[in-house]
Amino acid sequence: MVEWTDEERAAISDIFSKLDYDDIGPKSLSRCLIVYPWTQRYFGGFGNLYNAEAIMNNPLIAKHGTTVLHGLDRALKNMDDIKNTYAELSVLHSEKLHVDPDNFKLLSDCLTIVIAGKMGNAFTPEYQASFQKFLSVVVSALGRQYH
Amino acid sequence: MLTKHEKELIAKIWDKMIPVASDIGAECLLRMMTTFPGTKTYFAHLDIRPGSPHLRSHGKKIVLAIAECSKDISSMMVTLAPLQTLHAYKLRIDPCNFKLLCHCILVTLAAHMGDEFNPVAHAAMDKYLSAFAAVLAEKYR
(Lines give C-alpha, C1' and ligand atoms only; values in the text may rest on other atoms or scores of the structure.)
Protein backbone atom coordinates (compact mmCIF):
# COMPACT_ATOMS: atom_id res chain seq x y z
CA MET A 1 0.00 0.00 0.00
CA VAL A 2 1.27 3.47 -0.79
CA GLU A 3 2.04 5.69 2.20
CA TRP A 4 0.96 9.32 1.94
CA THR A 5 2.13 12.04 4.33
CA ASP A 6 -0.34 14.70 5.45
CA GLU A 7 1.54 17.23 3.36
CA GLU A 8 1.23 15.09 0.25
CA ARG A 9 -2.52 14.58 0.77
CA ALA A 10 -2.96 18.33 1.32
CA ALA A 11 -0.94 19.23 -1.80
CA ILE A 12 -2.86 16.82 -4.02
CA SER A 13 -6.19 17.95 -2.59
CA ASP A 14 -5.28 21.58 -3.12
CA ILE A 15 -4.24 21.04 -6.74
CA PHE A 16 -7.48 19.22 -7.58
CA SER A 17 -9.65 21.76 -5.76
CA LYS A 18 -8.33 24.47 -8.06
CA LEU A 19 -8.59 22.38 -11.24
CA ASP A 20 -10.90 23.47 -14.06
CA TYR A 21 -11.47 20.07 -15.66
CA ASP A 22 -12.97 21.50 -18.84
CA ASP A 23 -9.85 23.59 -19.38
CA ILE A 24 -7.02 21.40 -18.12
CA GLY A 25 -8.38 18.09 -19.50
CA PRO A 26 -8.52 19.20 -23.14
CA LYS A 27 -5.22 21.09 -22.85
CA SER A 28 -3.38 18.05 -21.45
CA LEU A 29 -4.66 15.55 -23.98
CA SER A 30 -4.12 17.85 -26.97
CA ARG A 31 -0.64 18.70 -25.71
CA CYS A 32 0.20 14.99 -25.50
CA LEU A 33 -0.95 14.44 -29.09
CA ILE A 34 1.17 17.40 -30.26
CA VAL A 35 4.34 16.78 -28.25
CA TYR A 36 4.25 12.99 -28.77
CA PRO A 37 2.59 12.63 -32.17
CA TRP A 38 2.76 8.84 -32.16
CA THR A 39 0.07 8.85 -29.47
CA GLN A 40 -2.35 9.93 -32.20
CA ARG A 41 -2.48 6.28 -33.24
CA TYR A 42 -5.19 5.72 -30.65
CA PHE A 43 -7.39 8.49 -31.97
CA GLY A 44 -8.06 7.44 -35.56
CA GLY A 45 -11.78 8.07 -35.24
CA PHE A 46 -11.47 11.52 -33.72
CA GLY A 47 -11.45 13.62 -36.88
CA ASN A 48 -8.88 16.25 -37.89
CA LEU A 49 -5.54 15.84 -36.10
CA TYR A 50 -3.54 17.21 -39.01
CA ASN A 51 -1.60 19.89 -37.14
CA ALA A 52 -1.29 21.51 -33.71
CA GLU A 53 -4.06 24.02 -34.40
CA ALA A 54 -6.47 21.34 -35.60
CA ILE A 55 -5.76 19.23 -32.52
CA MET A 56 -6.22 22.15 -30.13
CA ASN A 57 -9.57 23.03 -31.74
CA ASN A 58 -10.86 19.47 -32.06
CA PRO A 59 -14.07 19.14 -29.97
CA LEU A 60 -13.87 15.33 -29.73
CA ILE A 61 -10.37 15.54 -28.31
CA ALA A 62 -11.48 18.26 -25.90
CA LYS A 63 -14.38 16.16 -24.64
CA HIS A 64 -12.17 13.12 -24.24
CA GLY A 65 -9.56 15.15 -22.37
CA THR A 66 -12.19 16.14 -19.81
CA THR A 67 -13.30 12.51 -19.47
CA VAL A 68 -9.75 11.29 -18.91
CA LEU A 69 -9.08 13.95 -16.30
CA HIS A 70 -12.23 13.05 -14.41
CA GLY A 71 -10.85 9.51 -14.39
CA LEU A 72 -8.34 10.76 -11.81
CA ASP A 73 -11.19 11.56 -9.41
CA ARG A 74 -11.41 7.88 -8.52
CA ALA A 75 -7.83 7.88 -7.28
CA LEU A 76 -8.41 11.09 -5.36
CA LYS A 77 -11.36 9.54 -3.53
CA ASN A 78 -9.52 6.25 -2.89
CA MET A 79 -5.94 7.27 -2.24
CA ASP A 80 -5.37 4.31 0.03
CA ASP A 81 -6.36 1.74 -2.58
CA ILE A 82 -5.53 3.17 -5.98
CA LYS A 83 -4.32 -0.22 -7.20
CA ASN A 84 -7.72 -1.88 -7.00
CA THR A 85 -9.64 1.25 -7.93
CA TYR A 86 -8.22 1.07 -11.46
CA ALA A 87 -8.40 -2.70 -12.02
CA GLU A 88 -11.37 -2.41 -14.37
CA LEU A 89 -9.96 0.58 -16.30
CA SER A 90 -6.66 -1.27 -16.62
CA VAL A 91 -8.42 -4.21 -18.25
CA LEU A 92 -10.25 -1.79 -20.56
CA HIS A 93 -7.05 -0.07 -21.69
CA SER A 94 -5.33 -3.39 -22.24
CA GLU A 95 -7.98 -5.66 -23.72
CA LYS A 96 -10.21 -3.24 -25.56
CA LEU A 97 -8.23 -0.06 -26.28
CA HIS A 98 -4.81 -1.76 -26.67
CA VAL A 99 -2.95 1.27 -25.33
CA ASP A 100 0.79 0.82 -24.73
CA PRO A 101 1.12 1.50 -20.98
CA ASP A 102 4.21 3.66 -21.59
CA ASN A 103 1.81 6.24 -22.99
CA PHE A 104 0.21 6.77 -19.58
CA LYS A 105 3.44 8.37 -18.42
CA LEU A 106 3.56 10.67 -21.45
CA LEU A 107 0.07 11.97 -20.71
CA SER A 108 0.85 12.38 -17.03
CA ASP A 109 3.97 14.43 -17.89
CA CYS A 110 1.87 16.70 -20.11
CA LEU A 111 -0.73 17.08 -17.36
CA THR A 112 2.00 18.07 -14.89
CA ILE A 113 3.34 20.69 -17.30
CA VAL A 114 -0.12 22.14 -18.05
CA ILE A 115 -0.84 22.46 -14.32
CA ALA A 116 2.58 24.09 -13.79
CA GLY A 117 1.69 26.59 -16.50
CA LYS A 118 -1.61 27.34 -14.81
CA MET A 119 -0.42 27.51 -11.19
CA GLY A 120 2.95 29.18 -11.82
CA ASN A 121 5.01 29.56 -8.64
CA ALA A 122 2.20 28.03 -6.58
CA PHE A 123 3.22 24.72 -8.16
CA THR A 124 6.18 24.45 -5.81
CA PRO A 125 8.79 21.67 -5.98
CA GLU A 126 6.97 19.98 -3.06
CA TYR A 127 3.63 20.20 -4.86
CA GLN A 128 5.25 18.83 -8.00
CA ALA A 129 6.77 15.91 -6.08
CA SER A 130 3.44 15.02 -4.42
CA PHE A 131 1.49 15.35 -7.65
CA GLN A 132 3.98 13.28 -9.64
CA LYS A 133 3.96 10.60 -6.93
CA PHE A 134 0.16 10.50 -7.17
CA LEU A 135 0.25 10.23 -10.97
CA SER A 136 2.91 7.52 -10.90
CA VAL A 137 0.73 5.41 -8.61
CA VAL A 138 -2.23 5.86 -10.98
CA VAL A 139 -0.04 5.02 -13.99
CA SER A 140 1.22 1.89 -12.27
CA ALA A 141 -2.33 0.81 -11.35
CA LEU A 142 -3.50 1.33 -14.94
CA GLY A 143 -0.72 -0.89 -16.23
CA ARG A 144 -1.27 -3.65 -13.71
CA GLN A 145 -3.80 -5.82 -15.53
CA TYR A 146 -1.79 -6.02 -18.75
CA HIS A 147 -0.54 -9.51 -19.58
CA MET B 1 14.16 16.78 -36.17
CA LEU B 2 13.84 20.52 -35.59
CA THR B 3 12.40 22.96 -38.12
CA LYS B 4 13.92 26.41 -38.67
CA HIS B 5 10.98 27.96 -36.85
CA GLU B 6 11.43 25.63 -33.87
CA LYS B 7 15.16 26.43 -33.63
CA GLU B 8 14.36 30.16 -33.57
CA LEU B 9 11.70 29.62 -30.92
CA ILE B 10 14.11 27.64 -28.73
CA ALA B 11 16.90 30.23 -29.07
CA LYS B 12 14.44 33.01 -28.20
CA ILE B 13 13.23 31.28 -25.04
CA TRP B 14 16.73 30.51 -23.74
CA ASP B 15 17.91 34.02 -24.53
CA LYS B 16 15.30 35.28 -22.07
CA MET B 17 16.55 32.86 -19.43
CA ILE B 18 20.20 34.03 -19.52
CA PRO B 19 19.71 37.04 -17.18
CA VAL B 20 17.89 34.83 -14.66
CA ALA B 21 20.05 31.75 -15.15
CA SER B 22 20.80 31.26 -11.42
CA ASP B 23 17.11 31.45 -10.45
CA ILE B 24 15.93 29.18 -13.25
CA GLY B 25 18.80 26.72 -12.87
CA ALA B 26 18.39 26.44 -9.11
CA GLU B 27 14.65 25.86 -9.51
CA CYS B 28 15.16 23.11 -12.11
CA LEU B 29 17.62 21.31 -9.85
CA LEU B 30 15.43 21.73 -6.78
CA ARG B 31 12.38 20.39 -8.61
CA MET B 32 14.39 17.41 -9.82
CA MET B 33 15.83 16.55 -6.41
CA THR B 34 12.48 16.96 -4.66
CA THR B 35 10.49 14.91 -7.18
CA PHE B 36 13.19 12.30 -7.86
CA PRO B 37 15.14 11.90 -4.59
CA GLY B 38 17.58 9.40 -6.17
CA THR B 39 19.14 12.29 -8.09
CA LYS B 40 20.36 13.80 -4.80
CA THR B 41 23.04 11.13 -4.66
CA TYR B 42 25.06 13.10 -7.22
CA PHE B 43 25.12 16.18 -5.00
CA ALA B 44 26.40 14.79 -1.72
CA HIS B 45 29.33 17.21 -1.91
CA LEU B 46 27.14 20.32 -2.21
CA ASP B 47 24.69 22.25 -0.07
CA ILE B 48 21.42 21.64 -1.92
CA ARG B 49 19.02 23.43 0.41
CA PRO B 50 16.60 25.81 -1.33
CA GLY B 51 18.34 29.12 -2.03
CA SER B 52 21.83 27.79 -1.39
CA PRO B 53 24.65 29.48 -3.34
CA HIS B 54 25.84 26.03 -4.52
CA LEU B 55 22.46 25.30 -6.05
CA ARG B 56 22.34 28.71 -7.74
CA SER B 57 25.86 28.54 -9.15
CA HIS B 58 25.46 24.96 -10.34
CA GLY B 59 22.06 25.69 -11.82
CA LYS B 60 23.48 28.74 -13.58
CA LYS B 61 26.20 26.64 -15.25
CA ILE B 62 23.63 24.21 -16.61
CA VAL B 63 21.25 26.90 -17.91
CA LEU B 64 24.07 28.83 -19.58
CA ALA B 65 25.34 25.67 -21.32
CA ILE B 66 21.86 24.90 -22.64
CA ALA B 67 21.35 28.53 -23.69
CA GLU B 68 24.73 28.74 -25.43
CA CYS B 69 24.02 25.58 -27.40
CA SER B 70 20.59 26.87 -28.45
CA LYS B 71 22.22 29.73 -30.39
CA ASP B 72 23.58 27.26 -32.95
CA ILE B 73 21.82 23.93 -32.58
CA SER B 74 23.36 22.39 -35.71
CA SER B 75 26.82 22.69 -34.10
CA MET B 76 25.75 20.86 -30.94
CA MET B 77 28.29 18.04 -31.30
CA VAL B 78 31.17 20.54 -31.45
CA THR B 79 29.90 22.88 -28.73
CA LEU B 80 29.23 20.05 -26.31
CA ALA B 81 32.48 18.10 -26.86
CA PRO B 82 34.11 19.26 -23.59
CA LEU B 83 30.94 18.60 -21.61
CA GLN B 84 30.63 15.16 -23.20
CA THR B 85 34.08 14.29 -21.90
CA LEU B 86 33.33 15.72 -18.46
CA HIS B 87 30.11 13.72 -18.06
CA ALA B 88 31.53 10.48 -19.48
CA TYR B 89 34.85 10.30 -17.66
CA LYS B 90 34.55 12.46 -14.59
CA LEU B 91 30.93 12.95 -13.48
CA ARG B 92 29.59 9.63 -14.80
CA ILE B 93 25.99 10.58 -14.10
CA ASP B 94 23.71 7.77 -15.23
CA PRO B 95 22.10 9.14 -18.42
CA CYS B 96 18.62 8.12 -17.30
CA ASN B 97 18.85 11.12 -14.98
CA PHE B 98 19.17 13.52 -17.90
CA LYS B 99 15.52 12.77 -18.77
CA LEU B 100 14.48 13.64 -15.22
CA LEU B 101 16.26 17.00 -15.32
CA CYS B 102 14.88 17.73 -18.81
CA HIS B 103 11.36 17.11 -17.53
CA CYS B 104 11.92 19.46 -14.58
CA ILE B 105 13.31 22.09 -16.97
CA LEU B 106 10.05 21.88 -18.94
CA VAL B 107 8.01 22.21 -15.72
CA THR B 108 10.08 25.25 -14.67
CA LEU B 109 9.66 26.89 -18.07
CA ALA B 110 5.89 26.24 -17.93
CA ALA B 111 5.62 27.69 -14.43
CA HIS B 112 7.48 30.85 -15.49
CA MET B 113 6.06 31.32 -18.97
CA GLY B 114 2.41 30.29 -18.43
CA ASP B 115 0.39 30.28 -21.65
CA GLU B 116 3.42 31.37 -23.67
CA PHE B 117 4.80 27.86 -23.15
CA ASN B 118 2.20 26.54 -25.56
CA PRO B 119 2.15 23.01 -27.06
CA VAL B 120 4.29 24.03 -30.06
CA ALA B 121 6.96 25.58 -27.81
CA HIS B 122 6.77 22.56 -25.48
CA ALA B 123 7.24 20.11 -28.36
CA ALA B 124 10.20 22.05 -29.76
CA MET B 125 11.83 22.37 -26.35
CA ASP B 126 11.32 18.69 -25.52
CA LYS B 127 12.97 17.72 -28.81
CA TYR B 128 15.89 20.07 -28.21
CA LEU B 129 16.50 18.89 -24.64
CA SER B 130 16.26 15.22 -25.68
CA ALA B 131 18.85 15.83 -28.40
CA PHE B 132 21.05 17.72 -25.93
CA ALA B 133 20.88 14.83 -23.44
CA ALA B 134 21.63 12.26 -26.14
CA VAL B 135 24.71 14.19 -27.32
CA LEU B 136 25.88 14.60 -23.72
CA ALA B 137 25.79 10.82 -23.24
CA GLU B 138 27.57 10.01 -26.52
CA LYS B 139 31.04 9.39 -25.09
CA TYR B 140 29.86 7.15 -22.25
CA ARG B 141 30.66 3.99 -24.20
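Residues numbered from 1 in each chain as written. Chains lettered and ligands numbered in written order. Predicted model: local features only at pLDDT ≥ 70, side-chain atom pairs only at ≥ 80, totals over all residues. Heavy atoms only, no water.

The name given to chain B in an unreviewed UniProt entry is Hemoglobin alpha embryonic-4, and the organism recorded there is Hucho hucho.

The name an unreviewed UniProt entry gives chain A is Globin domain-containing protein, with Hucho hucho as the organism.

Visitor: I would appreciate a short explanation of the overall build of chain B in the present structure.
Guide: Within chain B, the regular secondary structure consists of 7 helices and 0 strands. From first element to last, N terminus to C terminus, chain B shows the α and β order α-α-α-α-α-α-α. Seen along its three principal axes, the alpha-carbon backbone of chain B occupies a region of about 40 × 35 × 25 Å. Looking at chain B residue by residue over its 141 residues, the buried ones come to 47%. Summarising the internal contacts of chain B: among those between residues at least 6 apart in sequence, 77% fall at separations of at least 24. For chain B, the exposed area adds up to about 7200 Å²; of that, 61% sits on carbon and sulfur atoms. Chain B carries 17 positive and 13 negative side-chain charges, and their two centres are separated by 7 Å. (Helix = DSSP H or I, 4+ residues; strand = E, 2+ residues; numbered from the N terminus. Buried < 20%, exposed > 50% of the residue type's maximum accessible area, 1.4 Å probe, protein only. Contact = heavy atoms within 4.5 Å. Areas by Shrake-Rupley, 256 points an atom, 1.4 Å probe, with all protein chains shown as cover. Lys, Arg positive; Asp, Glu negative; His and termini not counted. Charge placed at Lys NZ, Arg CZ, Asp CG, Glu CD.)

Visitor: What is the right way to look at helix H7 (residues 119–136) of chain B in this model?
Guide: Since one α-helical turn is 3.6 residues long, residues separated by three or four positions face the same way. All names here are of chain B. Here H7 spans 25 Å end to end across 18 residues, near enough to the 26 Å set by a 1.5 Å rise per residue. By the criterion of burial, H7 is predominantly enclosed, with 13 of the 18 residues buried. Capping the start of H7, Asn118 holds a side-chain oxygen 3.1 Å from the backbone nitrogen of Val120, two or three residues further along. (Expected span 1.5 Å × (residues − 1). Polar contact = N/O pair within 3.5 Å; in protein donor to acceptor, adjacent residues only side chain to side chain.)

Visitor: Would you mind showing me how to read the UniProt feature "domain: Globin" (unreviewed entry) in chain B here?
Guide: According to UniProt, the "domain: Globin" (unreviewed entry) feature falls on residues 1–141 of chain B. For residues 1–141 of chain B, helix accounts for 70% and strand for 0%, while the C-alpha atoms at its two ends are 24 Å apart. (UniProt positions renumbered as here; feature names shortened; annotations may be inferred.)

Visitor: I would appreciate a short explanation of the interface of chain B and chain A in the present structure.
Guide: How big an interface is tends to be expressed through the accessible area that disappears when the partners come together. Taken together, the contacts link 20 residues of chain B with 21 residues of chain A. Taken together, the two surfaces of chain B and chain A that pack against each other cover about 1700 Å², and 63% of this comes from carbon and sulfur. Taken together, chain B and chain A are joined by 0 salt bridges. Residue assignment for the side of chain B that touches chain A shows that the elements contributing at least two residues are helix H2 (21–35), helix H6 (96–113) and H7 of chain B. Among the residues making up the side of chain B that touches chain A, the classes are represented as 11 nonpolar, 7 polar and 2 charged. (Buried area = accessible area lost by both parts, 1.4 Å probe. Salt bridge = Lys/Arg side-chain N within 4 Å of Asp/Glu carboxyl O. Nonpolar A, V, L, I, M, F, W, Y, C, P; charged D, E, K, R; others polar.)

Visitor: Can you walk me through the packing of aromatic side chains in this structure?
Guide: Centre-to-centre distance and the angle between the planes together describe a pair of aromatic rings. Going through the model one piece at a time under the given rule, you end up with 9 aromatic pairs over all chains. Look at A:Phe16 and A:Phe134: their rings are 5.6 Å apart centre to centre, the planes differ by 75°, and that puts the pair in the edge-to-face class. Remark: A:Phe134 occurs in helix H9 (residues 125–143) and A:Phe16 occurs in helix H1 (residues 6–17); sequence separation between them is 118 residues. There is no split in this pair, since A:Phe16 and A:Phe134 are both buried. Between the aromatic rings of B:Phe98 and B:Tyr140, the centroid separation amounts to 6.4 Å while the plane-to-plane angle is 90°, which identifies the pairing as edge-to-face. Residue B:Phe98 is found in helix H6, and its partner B:Tyr140 is found in the segment after H7; the two are separated by 42 residues along the sequence. (Phe/Tyr/Trp six-rings, centres within 6.5 Å; stacked < 30°, edge-to-face > 60°.)

Visitor: Please clarify how the packing of helix H1 (residues 4–17) of chain B against H7(B) should be interpreted in this entry.
Guide: Working note: a packed helix pair is described by the angle between its axes plus the distance between those axes. Residue and element names in this part refer to chain B. Contact pair H1 / H7: the axes reach a minimum separation of 9 Å and the direction vectors enclose 85°. Taken together, H1 and H7 sit at an angle that is classed as roughly perpendicular. Side by side, H1 and H7 meet where Glu6, Leu9, Ile10, Ile13 and Trp14 of the first sit next to Val120, Ala121, Ala124, Met125, Lys127, Tyr128 and Leu129 of the second. (Axes fitted to C-alpha atoms, helices over the stretch in contact; angles between N-to-C directions. Parallel < 35°, antiparallel > 145°, perpendicular 65-115°, else oblique.)

Visitor: For this particular structure, what's the right way to read the UniProt feature "domain: Globin" (unreviewed entry) in chain A?
Guide: Following the UniProt record, the feature "domain: Globin" (unreviewed entry) maps to residues 3–147 of chain A here. With 69% helix and 0% strand, residues 3–147 of chain A has end C-alpha atoms that lie 27 Å from one another.

Visitor: What exactly am I supposed to notice about the packing of helix H8 (residues 102–119) of chain A against H6(B) here?
Guide: It is the contact of H8(A) with H6(B), at a shortest axis distance of 7 Å, that shows an interaxial angle of 30°. As summarised for this structure, H8(A) and H6(B) are arranged roughly parallel, according to the angle between their axes. The two elements H8(A) and H6(B) cross, and the hand of that crossing is right-handed. Across the interface between the two elements, A:Asp109, A:Thr112, A:Ile113, A:Ala116 and A:Gly117 of H8(A) pack against B:His103, B:Leu106, B:Val107, B:Ala110 and B:Ala111 of H6(B). Residues that form the contact of H8(A) with H6(B) fall into these classes: 6 nonpolar, 3 polar and 1 charged. (Left-handed = near helix turned anticlockwise from the far one by under 90°.)

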